[in-house]
Each structure stands twice: as structure tokens, then as C-alpha cells.
Amino acid sequence: MAFIVERPGTYDLLVDAGRLGWRHVGVPVSGPADHTAWLLANALVGNHPENGVALEITWSGPVLRATADHACALVGAEFSPRVAGRNVPGASVWHVRAGDVIEIGTSRKGLRAYLAVAGGFEYAPLLGSRSALQPLRKGEVLLCKPQIARRRRWLEPLPHAANFTAATAVLRFLPGPFWPQVSEQVAGRTWTVSAESNRMGLRLMADVAWELPHDLPSVPVGIGTIQATASGQLLILGVDGPTIGGYPRIGYVIEADWDLLGQLRPQQSVRFVAVCLEKAYQAARALHAWRHQVILRLLCTAQSSPNLFRSTG
Amino acid sequence: MGEPSARNDTAMQFEPLGDQAVLVTCPHEEFAQSLASALSSVHCEGLREVVVAYKCVAIYYDLERTDYASVCRLVQNLALRPCSAPGRLFRIPCCYELGPDLAAIAEMCRCSVAEVIAEHSSTIYTVYALGFVPGFPYLGYLPPRLAGIPRLAQPRRQVEPGSVGIAGRQTGIYPAAVPGGWRILGRTPLIIADLATEFFPLRIGDRVQFVPIDRQEFDRLLGQRLTPCA
């Protein structure tokens, strides 16, 4: 009824939908950096997203050992997971047996993937959320309630997959108050994701310099807020980012591209495209509709096969 | 005593804070707090969270259930009242001998260490914002003599939990051991916020006064939780 962490990965974090309602005391929303991938992983194994705790894996994944039979799915960036030494396909449900070792490997394209287990990982809630504050450590035991789920495969690509696997990712944004001062330097350039990026924020570099006010009063900010630093970098706030900030705000990445923010890896090229609020709404609503459709198609059919845990081999 | 909506309209500035929040800039801090309190008692479809920082109020909304124009209209039509009662008062013990930058601050302010302590602890501050890290209170405003101290050029990798710092016109308290760029003039022994136990006693609009204590008192109070004055 558990997985044991034999070797932790770069940053393995248990996440649920997020910690809503505590920004007013400075607690970030947290939750998955790529919400759509997290949701699809949960839905594939039959977990309702409202209570689905999955493992967010970044860059290089962990090695886990199962202590019981479980059904799992890995969705998001392109990893090459192996169970008991055999390759298992991505975006599909596979079964592990007690004692099996699961090696997630390293992502070839994109940065993060979500390992969901049918029944969900157990984690004590904090401020109404089961998103962890610390990554996994060696020897940690991840308890889960075993639940059956049939083998199946999801063939449709994630809505943002073509963008994070492209040579240059395109981020759509709404211009902010300091956009006019930097528009020429930001819009015409290709930006590079810095290795100093994490769940708090994505740092982007280009060869620019600008004169912007500093010591601005702190204002509330949010996921996707693009701040310009004095040294000519851009800092796009992530799911664990600060709730208030005092850097000049040049724009806001639209919600439909937040998942993409969670998949951009160091050295990746990024371009910015300005959109209007109406376009941002349309894109977000289309994404929500896609997610809704995933839930409808997958949730009620997750357990419909009687041949669970039958060996394939 | 609700003000006519036309006055709300001219007094506030609106801008989108991304595609799911409205940022309202108010004429002053108390106005922002009144707006936040009015929003907390109004039921409106699609409103998610309200965050105040100084004169600004961010209203986070669900774009499937409402939109920017509707939220702006709601705010314009709210009847705002001045905050009826001032926030609760917290007296926070502060051991100034544990402030690594106290002497440097005195030098920059061109006064004695005793004067810095007297000035810092005689002012009653208001919580204008909470954030940067969970539960970090931004307290304002410093008496003119202590105001205008720049941040450290090189932030500390880690400050002691409970460190009391100043920067610009603000003073603040680090709830936990995190990197910090404010100059530290003392340390409180109390726990002022703790995510792991869901402890966030301070709210926007609360008032704070620092009470100088010695090292012995610091050790006696270390690890106790902050509570408001009765």
C-alpha cells in the first residue's frame, strides 16, 4: 500500500489542485506547475482531480519501490519510465506489482511530469490543501489507498505539448503598466530560460538593459506576472511565487499558458506575443473545456475492466 | 453613510492583473482596507480571493463565472464605509541587542543606538501588507528619522526567525529563517506565523508596537506564540 523512495529525483513534490484562499496572509497557491498534465494523470487512473494527490517530477525523476500492487500513470514531459527493468509507455495506465522498482528517468523534452496512482497518494492537509511543502527524501514512504484501474492509453497530445517541444516556445501575455518602456526590447527578442528557475519563478535572460523605477511599493501579484529586474532579466512568477512584489510589472502570462511555464527547461528559447483580455478569456475557457472533457471521458470508465492486475507477461 | 458610487469611481483606478484578477489602486491605505472589508461581506458569483497591499487591492476572480468589467462594476457600486474600529493591537517584544545591523542603522540615521530603539518602539505601526514569505508583515510607517535606510546590497543567505528589519519607510518581521535584504535591528522571541500549524495571527489593518526586552526576557519568551492584547 505504499511506495518507498529508493533514490529521490531533482525535485519530487506531492501536489493536489492547490492551496486556494490563503494569499491574503502570503501563502502561495502552490499545486501543480502543469495543471493540465496533473489532471490528466489523475483522470487516467480514475482519481477525481479534487482529491487527487500526484507526484510532480522535475527534470530527473526518482527511483521508487512498490510494496503492493498498484495502477499508475505518468503524464507531462517526455520521460522514459521503466518498471522492473521494462519500458512502459507515457500517458497510459500501467500496473506495478509488490516489489517492483520504478525508475522514472530523465526528461528528454519538457521539464515536469505527474505520477498518479489509482486511489491517490495520502498526505495530511495543510490549510485545506494536500500539496507538500518539501520534496521527497530518500527512504520516505508514500502511502496510498490501492484502487483498481484498467490499463489504457491516452493518445491525444496535451494542448501545450507542441509548444514546449518546439525549438522556440511562445508565451502569450497581457501587457502591464511598464510594457511601453520595454516593449521594443522584449517583443523583438528571443529569451533564454535560466537555470535559476524553479516553482517560485522562471528567470529569462537576453542581452538587454533598461532604466526602470526601483523601490516601487509592493502590490499584489499572481501566477504569470512578468517582472523586469534591474539587471535586465525577466522573472515570471510561478505557482510557489510570492503573493506581493515590488518589481516593475511589464505583463502577465495568460492562464492558458501557465502549464507551459511549468514545462520550460533551462536553455529553452522563448518568444512573447501580446494578446488582449478577450483573447485570454477565450484561450482559458477553451483549455477548461478540454480539461472538463478529459474528466468526462476518463473518470467514469477507469474501473470498467474486470481483468485487473492480470499479468501481461 | 454609504458614499455615492460616482465618488468610488473617481477615487479608484482599475487595471487587469492578468486574466483573472483586478488590481484596484485606492487613494490611501485605509480606503484599500475598507474596500477589502466591504468585499468580504458581499456575496458575488465568481469572486475567489482578495489581497491587500498598501493602497492596492487585488480581487482574484473565476473567469468562467465573471469577468474584468463585472468585477470593476461591482467595486464601483460598493458602499464603502471608513473602517469602523481600528485593528487589534499586538505588542511584540523585541530584543534589540540581537540586531546585527543596529549600530550601522544608528550611524546611517546619525543618532545613538538608544535613540533608534526609542524611536522604533514608540511608534504604533499598521499592518499594510502580508507576504513575500507566508506571514511576513509589512508595517508602516517608520518615524522620519528611521526612514530611508536602503536594503543591504548583498542580501543575507539566511536571517534568524523573528528578525525585525527596516527598509525604506517600512519595518517588518521575518517569520522564518529565509534569505533577507532588510537591515536587522532586533529579534522577537515570539512565533509570529507558522504555516505548518496554520498559525497566522496578524491581519491587514492590525496595529503593532514593539516592546524592548533584554536577552534574559528573550530566552524566557522564546518559542511562545503571538497573541493580541486583551
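Residues numbered from 1 in each chain as written. Chains lettered and ligands numbered in written order. Predicted model: local features only at pLDDT ≥ 70, side-chain atom pairs only at ≥ 80, totals over all residues. Heavy atoms only, no water.

Asks: Would you mind showing me how to read the pattern of salt bridges here?
Replies: All names here are of chain A. Under the defined criterion, the tally for this structure stands at 22 salt bridges over all chains. Glu-78 serves as the salt-bridge partner of Arg-108, at 3.8 Å between the closest nitrogen and oxygen. With Arg-108 in the loop between strand S9 (101–103) and strand S10 (109–117) and Glu-78 in strand S5 (residues 70–78), this pair connects stretches of sequence that are 30 residues apart. Note on Glu-78: relative accessible area 34%, which makes it partly exposed. Notably, a salt bridge pairs Glu-103 with Arg-82, separated by 4.0 Å at the nearest N-O pair. Of the two residues, Glu-103 is situated in strand S9 and Arg-82 in strand S6 (residues 82–83); the sequence distance between them amounts to 21 residues. A residue is classified by how much of its surface remains accessible, and Glu-103, at 32% relative accessible area, is partly exposed. Look at Arg-82 and you get partly exposed, because its relative accessible area is 33%. Within the structure, one salt-bridge network assembled from shared partners comprises Glu-56, Arg-112, Arg-199 and Asp-240. (Salt bridge = Lys/Arg side-chain N within 4 Å of Asp/Glu carboxyl O. Helix = DSSP H or I, 4+ residues; strand = E, 2+ residues; numbered from the N terminus. Buried < 20%, exposed > 50% of the residue type's maximum accessible area, 1.4 Å probe, protein only.)

Asks: Whenever I open this one, the domain arrangement of chain A confuses me. Can you help?
Replies: One widely used convention gives an interface's size as the accessible area the parts lose upon coming together. Residues and elements named next belong to chain A. According to the domain assignment, chain A consists of domain 1 (2–158 + 289–310) and domain 2 (162–275). Contact with domain 1, which involves 27 residues of that partner, is made by 16 residues of domain 2. Between domain 1 and domain 2, a total of about 1700 Å² is buried, with carbon and sulfur atoms accounting for 47% of that surface. Residue Arg-291 pairs with Asp-259 through a salt bridge whose shortest N-O separation is 3.3 Å. Taken together, the links from domain 1 to domain 2 amount to 15 residue pairs in polar contact (both at pLDDT 80 or more). For the side of domain 1 that touches domain 2, the elements supplying multiple residues, two or more each, are strand S2 (13–15), helix H1 (35–44), S5 and S10. Looking at which element gives the most residues to the side of domain 1 that touches domain 2, the answer is S10, with 4 residues. Residue classes in the side of domain 1 that touches domain 2 are distributed as 11 nonpolar, 8 polar and 8 charged. (Domains from an automatic or database assignment. Contact = heavy atoms within 4.5 Å. Buried area = accessible area lost by both parts, 1.4 Å probe. Polar contact = N/O pair within 3.5 Å; in protein donor to acceptor, adjacent residues only side chain to side chain. Nonpolar A, V, L, I, M, F, W, Y, C, P; charged D, E, K, R; others polar.)

Asks: How should the confidence of the model for chain A be read in this particular structure?
Replies: Averaged over every residue, the pLDDT of chain A is 93; residues scoring 70 or more account for 97%. Segment residues 306–313 of chain A: pLDDT under 50, and 15 contacts once partners within four positions in sequence are set aside and those in other chains are kept. (pLDDT = per-residue confidence, 0-100.)

Asks: Mind showing me how you'd approach the sheet that holds strand S4 (residues 63–66) of chain A here?
Replies: One key point about sheets: their strands pair by backbone hydrogen bonds, in either a parallel or an antiparallel sense. Residues and elements named next belong to chain A. If you trace the 6 strands from one edge of the open sheet to the other, you get S7-S6-S9-S4-S1-S11, paired in antiparallel fashion. Both edges of this open sheet fall to strand S7 (86–87) and strand S11 (141–143), since each of them pairs with a single strand only. The sheet contact formed by S6 and S7 spans 2 bridges and is antiparallel. Looking across to S7, one finds that Arg-82 is bridged to Asn-87. (Pairing = 2+ DSSP bridges.)

Asks: Would you mind showing me how to read the pairing of strand S17 (residues 234–237) of chain A here?
Replies: If a strand is regular, its side chains alternate between the two faces of the sheet. All names here are of chain A. Burial of S17 is two-sided: the residues Leu-234 and Ile-236 facing one way and the residues Leu-235 and Leu-237 facing the other way are all buried. Judged from the 4 bridges that link them, strand S14 (residues 201–205) and S17 form a sheet pairing that is antiparallel. Bridge assignment links Leu-204 to a residue of S17, and that residue is Leu-234. Sheet topology note: the strand S16 (residues 225–228)/S17 ladder contains 3 bridges and is antiparallel. Bridge assignment links Gln-227 to a residue of S17, and that residue is Leu-235. The turn linking S16 back onto S17 is made up of 5 residues, and Gly-232 within it adopts a positive phi angle of 85°.

Asks: What's the story with the sheet that holds S5 of chain A in this structure? I'm lost.
Replies: All names here are of chain A. Taken together, 5 strands build an open sheet; the order of strands is S2-S3-S10-S5-S8 and the sheet is antiparallel. Two strands bound the open sheet, and with one partner strand each, they are S2 and strand S8 (93–96). Neighbour-to-neighbour, the strand axes of this sheet turn through a mean angle of 30°, independent of strand direction. Bridge count for S2 against strand S3 (residues 54–58) is 3 bridges, and the pairing is antiparallel. Looking at S3, one finds that Leu-14 is bridged to Leu-55. Packed on one face of the sheet, H1 meets S2, S3, S5, S8 and S10 and runs near 155° to S5. (Axes fitted to C-alpha atoms, helices over the stretch in contact; angles between N-to-C directions.)

Asks: For this particular structure, what's the right way to read the interface of chain B and chain A?
Replies: Tallying the contact residues gives 35 residues for chain B and 34 residues for chain A. Regarding the contact of chain B and chain A, the summed buried area is about 2900 Å², with carbon and sulfur atoms giving 63% of it. The tally of links from chain B across to chain A stands at 2 salt bridges. Between Glu-15 of chain B and Arg-249 of chain A there is a salt bridge, with the nearest N and O atoms lying 3.4 Å from each other. Secondary structure elements with two or more residues in the side of chain B that touches chain A: strand S1 (13–16), strand S3 (47–53), strand S4 (56–61) and strand S6 (125–130) of chain B. Within the side of chain B that touches chain A, the residues separate by chemical class into 23 nonpolar, 5 polar and 7 charged.

Asks: I keep staring at the pairing of strand S8 (residues 163–167) of chain B and nothing clicks. Help me out?
Replies: All names here are of chain B. Among the 5 residues that make up S8, 5 are buried, leaving the element largely enclosed by the rest of the structure. Of the two faces of S8, the one holding Ser-163, Gly-165 and Ala-167 and the one holding Val-164 and Ile-166 are both buried throughout. Direction of pairing for S8 relative to strand S10 (residues 183–187): antiparallel, over a ladder of 4 bridges. Within the sheet, the bridge partner assigned to Val-164 lies in S10 and is Gly-186. Two elements, S8 and strand S9 (residues 170–173), share 4 bridges in a ladder whose sense is antiparallel.

Asks: I tried to follow the packing of helix H4 (residues 102–109) of chain B against helix H5 (residues 113–122) of chain B on my own but got confused; where do I start?
Replies: When two helices pack together, you describe them by how their axes are tilted relative to each other and by the distance separating the axes. All names here are of chain B. For the pair H4 and H5, the least separation of the axes is 9 Å and the interaxial angle reads 90°. Regarding the angle of H4 to H5, the classification is roughly perpendicular. Only Val-113, Val-116 and Ile-117 of H5 make contact with H4, whose side of the interface consists of Leu-102, Ala-103, Ile-105 and Ala-106. Within the contact of H4 with H5, the residues separate by chemical class into 7 nonpolar, no polar and no charged. (Parallel < 35°, antiparallel > 145°, perpendicular 65-115°, else oblique.)

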